[in-house]
Amino acid sequence: MRLLTTLFFSFSFFLAKSQDCKVEVPALQGKYEGDCKKNLADGAGKATGEDTYEGGFKTGLPHGKGIYKWKNGSWFDGYFKNGAKEGEGIMHYVSPTNSDSVIKGFWKNDLYAGEYEKPYKVHMKTYMVASVSVKQEKSRRANEVIINLESVSGGSVDIHGPIPKKAISFIDIKRGNYMMRSDVDNMQKRNTYYLRDVQYPFRAIFRIDQDDDVEVELFEPGTWVVEIKMRQ
């Protein structure tokens, strides 16, 4: 009899704790199963109300990896931060009249930011390349890539005569293409290369002289400026 009484009170205590574990999203309030901390959903759990969410929680809000399903059938499978979509995910929109639509990519502050986390990526540079910076020229509408290659001492003169500037000797295209290239070499320490009518996404290795490489990938159409600075 004492054992049954102990089990009854243990179960009652557990049930009370489960009921006290609050989910802070009104549409998810109803039933909660999972980890709890300071009377708030925290850890792995599942909340069911008008909507349903299963995944990570923190201080009563979806946080981390999870799946959120709305009452209309739409759902999001991805990452959350403090109750908002944040990071990589897949959004599936259910339409009662048209075909369903799916969006893949990255979210920032609950808003869709784009297919890629960043619109570009520097995959690699060799040691003699001091730095690589990439920026998009929003004011220009052409699909082109402008590469500025800057030397520290190239183009100047020492006791042995002129010091040659660093130059791009070859472009190894890994993805996409371009239609035309033009070079400008009338600046003292800099060579500039224009790749025009670029097809995106564009990924290429820029060979500098014979020994150094820079590999850059550009995901979105537009005008991009790639600044490459050498150590010498």
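Here we summarise the structure given alongside this text. Note that this is a predicted model, so its numbers are computed, not measured.

1. Quick word on the sheet that holds strand β6 (residues 84–93)
Read from one edge of the open sheet, 8 strands run β1-β2-β3-β4-β5-β6-β7-β8, paired in antiparallel fashion. Of all strands in the sheet, those with a lone pairing partner are β1 (31–37) and β8 (111–114), marking the two edges. Across the sheet, the mean angle separating the axes of adjacent strands is 15 degrees when strand polarity is ignored.

2. Focus: unusual backbone geometry
Pro 201 follows Tyr 200 through a cis peptide bond whose omega is -5 degrees. Not every positive phi belongs to a glycine, and Lys 38 is a case in point at roughly 55 degrees. Relative to the helices and strands, Lys 38 resides in the loop between β1 and β2 (40–48). Phi at Asp 209 is positive, roughly 55 degrees, even though this residue is not glycine.

3. A short note on the packing of aromatic side chains
Geometry of an aromatic ring pair is reported as the spacing of the ring centres plus the angle between the planes. One pass over the structure, following the stated rule, counts 11 aromatic pairs. Aromatic side chains Tyr 68 and Trp 70 sit 4.6 Å apart centroid to centroid with 45 degrees between the ring planes, which places their arrangement in the tilted category. Note on Trp 70: relative accessible area 29%, which makes it partly exposed. Here the aromatic rings of Phe 76 and Phe 80 are separated by 5.3 Å at their centres, their planes lie at 90 degrees, and the arrangement is edge-to-face. There is no split in this pair, since Phe 76 and Phe 80 are both buried. Joined through ring pairs, the aromatic side chains of Tyr 32, Tyr 53, Phe 57, Tyr 68, Trp 70, Phe 76, Phe 80, Trp 107 and Tyr 112 make up one cluster. Sitting above the plane of the Phe 76 ring, Lys 85 keeps its charged end 5.8 Å from the centroid.

4. Quick look at the environment of Gly 87
Inspection of the secondary structure assignment puts Gly 87 in strand β6. For Gly 87 and Lys 108, which are 21 residues apart along the polypeptide, the C-alpha to C-alpha distance reads 6.5 Å. The residues touching Gly 87, leaving out its near neighbours within four places in the chain, are Gly 105, Phe 106 and Trp 107.

5. Looking at the pairing of strand β17 (residues 199–208)
The pairing of strand β14 (residues 168–177) with β17 spans 7 bridges and is classified as antiparallel. Residue pairing for β17: Ile 173 is matched across the bridge by Ala 204. Pairing geometry for β17 and strand β18 (residues 212–218), over 7 bridges, is antiparallel. Note that in β18 the partner of Phe 202 across the bridge is Leu 218.

6. Quick word on the side chain of Glu 144
Of note, Glu 144 is situated in strand β11 (residues 144–150). Overall, the relative accessible area of 4% leaves Glu 144 in the buried class. Here the side chain of Glu 144 touches Arg 140 through a polar contact of 2.7 Å, side chain to side chain. Those residues in contact with Glu 144, other than ones at most four positions away along the chain, are Tyr 194, Leu 195, Arg 196, Val 198, Tyr 200, Gly 222, Thr 223 and Trp 224.

7. Some thoughts on the state of the cysteines
Taken as a whole, this structure holds 1 disulfide when the rule is applied. Each sulfur in the disulfide pair Cys 21 and Cys 36 lies 2.4 Å from the other. Taking the torsion about the sulfur-sulfur bond, which here is approximately 120 degrees, the covalent link between Cys 21 and Cys 36 counts as right-handed. A residue pair is termed long-range when its members are at least 10 positions apart, and Cys 21 in the loop between α1 (2–20) and β1 and Cys 36 in strand β1 qualify at 15 residues. Look at Cys 36 and you get partly exposed, because its relative accessible area is 35%.

Criteria and thresholds
- Residues numbered from 1 in each chain as written.
- Predicted model: local features only at pLDDT ≥ 70, side-chain atom pairs only at ≥ 80, totals over all residues.
- Heavy atoms only, no water.
- Pairing = 2+ DSSP bridges.
- Helix = DSSP H or I, 4+ residues; strand = E, 2+ residues; numbered from the N terminus.
- Axes fitted to C-alpha atoms, helices over the stretch in contact; angles between N-to-C directions.
- Phe/Tyr/Trp six-rings, centres within 6.5 Å; stacked < 30°, edge-to-face > 60°.
- Buried < 20%, exposed > 50% of the residue type's maximum accessible area, 1.4 Å probe, protein only.
- Lys NZ or Arg CZ within 6 Å of the ring centre and 35° of its normal.
- Contact = heavy atoms within 4.5 Å.
- Polar contact = N/O pair within 3.5 Å; in protein donor to acceptor, adjacent residues only side chain to side chain.
- Disulfide = S-S within 2.5 Å.

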